[in-house]
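# Results of the structural survey
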Amino acid sequence: FDLLRNPKLRNAIIASGLISVGWDLYLFFFPIYGHSIGLSASVIGVVISMFALAVFSIRVALPSLARKWSEFEILLYAIGFAGAALLLFPLFRDPYLLAAASFILGLGCGVGQPMSMSLIYSLSPPGRASEGAGLRVTFNHFTHLVVPLAFGGISTLFGFAPVFVSCSALLLGGSSYGFFSERRAARSAAR
């Protein structure tokens, strides 16, 4: 638990968890949502495959992004991007538009694992990178437990749109908080 006292490392672990929330929610709820709006299983599969294509594509582009921004900035932008993409799903019933939204979400979520792992490795104290990685995995598995329960309850009470909107708010809020805390740390360091 002493690793969590390091604010930058803690923020990287939380950011990793937020990306995991967006990824889990999509893979858990989109097939249910797609079925509820009358999409066939094969169409749902194609829409989800667009997410996977985007994850692959953004990972190919990561080295060029890393030359322009810091790892943490990329991760925060990705969380915000994924949060904004989640807002698109309840707006669409057309498979082509859903595939486009899925691709956009995949671009945001695809950054999460490599950037968070890199950050955790670089921010962990010497000789403790494996502990940091283990803490990240533990936190992410906690989200695997909580996401279906929490958002399942939301969908049961209010339907699908509030699920995507509330998850979007969580990701956008996390991204905003991350940028705010980074700016505050930079101001403190400049003094």
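Quantities reported herein were computed from a predicted structural model and do not represent experimental measurements. (Residues numbered from 1 in each chain as written. Predicted model: local features only at pLDDT ≥ 70, side-chain atom pairs only at ≥ 80, totals over all residues. Heavy atoms only, no water.)

## Examining the environment of Gly 38
As a reminder of what qualifies: Runs of H or I in DSSP of at least four residues are treated as helices and runs of E of at least two as strands, each being numbered from the N terminus.
When you line up the elements, Gly 38 lands in the loop between helix H1 (7-36) and helix H2 (41-68). For the pair Gly 38 and Arg 93, spaced 55 residues apart in sequence, the C-alpha to C-alpha distance is 8.7 Å.

## Structural notes on a positive patch on the surface
Defined as follows: Distance thresholds for patches are 9 Å for like charges and 5 Å for nonpolar side chains (Val, Leu, Ile, Met, Phe, Trp, Tyr), applied to residues having over 30% relative accessible area and no salt bridge. To be clear on the numbers: accessible area is Shrake-Rupley with a 1.4 Å probe, and residue cover counts the displayed protein chains and nothing else. When a carboxyl oxygen of Asp or Glu lies within 4 Å of a side-chain nitrogen of Lys or Arg, that pair is called a salt bridge. His is not counted, nor are the chain ends; Lys and Arg add positive charge and Asp and Glu add negative charge. Note on charges: their place is set at NZ of Lys, CZ of Arg, CG of Asp or CD of Glu.
Together, Arg 183, Arg 184, Arg 187 and Arg 191 make up a region of like positive charge exposed at the surface. Along the chain, Arg 191 falls in the segment after helix H7 (160-190).

## Quick look at a nonpolar patch on the surface
Nonpolar side chains collect at one region of the surface, where Phe 142, Leu 145, Val 146 and Leu 149 lie side by side and expose about 400 Å² of accessible area between them. Its location among the elements puts Leu 145 in helix H6 (residues 129-158).

## Overview of the nonpolar core
Which entries qualify depends on this criterion: Note on terminology: a nonpolar core comprises buried Ala, Val, Leu, Ile, Met, Phe, Trp, Tyr and Cys residues joined through side-chain atoms within 4.5 Å. Between buried and exposed lies partly exposed: a residue is buried under 20% and exposed over 50% of the maximum accessible area for its type, with that area taken using a 1.4 Å probe on protein chains only. Two residues form a contact once any of their heavy atoms are found within 4.5 Å.
Ranked by size, the top nonpolar core spans 48 residues in total, and within it Leu 25, Phe 30, Leu 86, Phe 89, Leu 98, Leu 105 and Phe 151 carry the most contacts. Mapped by element, the contributors of at least two residues to this core are H1, H2, helix H3 (71-86), helix H4 (95-110), helix H5 (112-123), H6 and H7. If one sorts the elements of this core by residue count, H1 sits on top with 12 residues. In this view, Leu 86 contacts Gly 22, Leu 25, Leu 105, Phe 164, Cys 167, Ser 168 and Leu 171; residues no more than four positions away in its chain are not counted.

## Examining the packing of H2 against H4
Short version of the rule: All axes here are fitted lines through C-alpha atoms, helices being fitted over the stretch that makes contact, and every angle between N-to-C directions spans 0 to 180 degrees. Each crossing gets its hand from how the near helix is turned against the far one by less than a right angle, where anticlockwise is left-handed and clockwise is right-handed. Residues are sorted three ways: Asp, Glu, Lys and Arg are charged, Ala, Val, Leu, Ile, Met, Phe, Trp, Tyr, Cys and Pro are nonpolar, and all the rest, Gly among them, are polar.
Orientation of H2 relative to H4, taken along the N-to-C sense of each, is 35°, at an axis distance of 7 Å. Note on packing geometry: the crossing formed by H2 with H4 is right-handed. For the pair H2 and H4, the contacting residues are Val 43, Val 47, Ile 48, Met 50, Phe 51, Leu 53, Ala 54, Val 55, Ser 57, Ile 58 and Arg 59 in the first and Pro 95, Leu 98, Ala 99, Ser 102, Phe 103, Leu 105, Gly 106, Leu 107, Cys 109 and Gly 110 in the second. Taken together, the residues that form the contact of H2 with H4 break down as 16 nonpolar, four polar and one charged.

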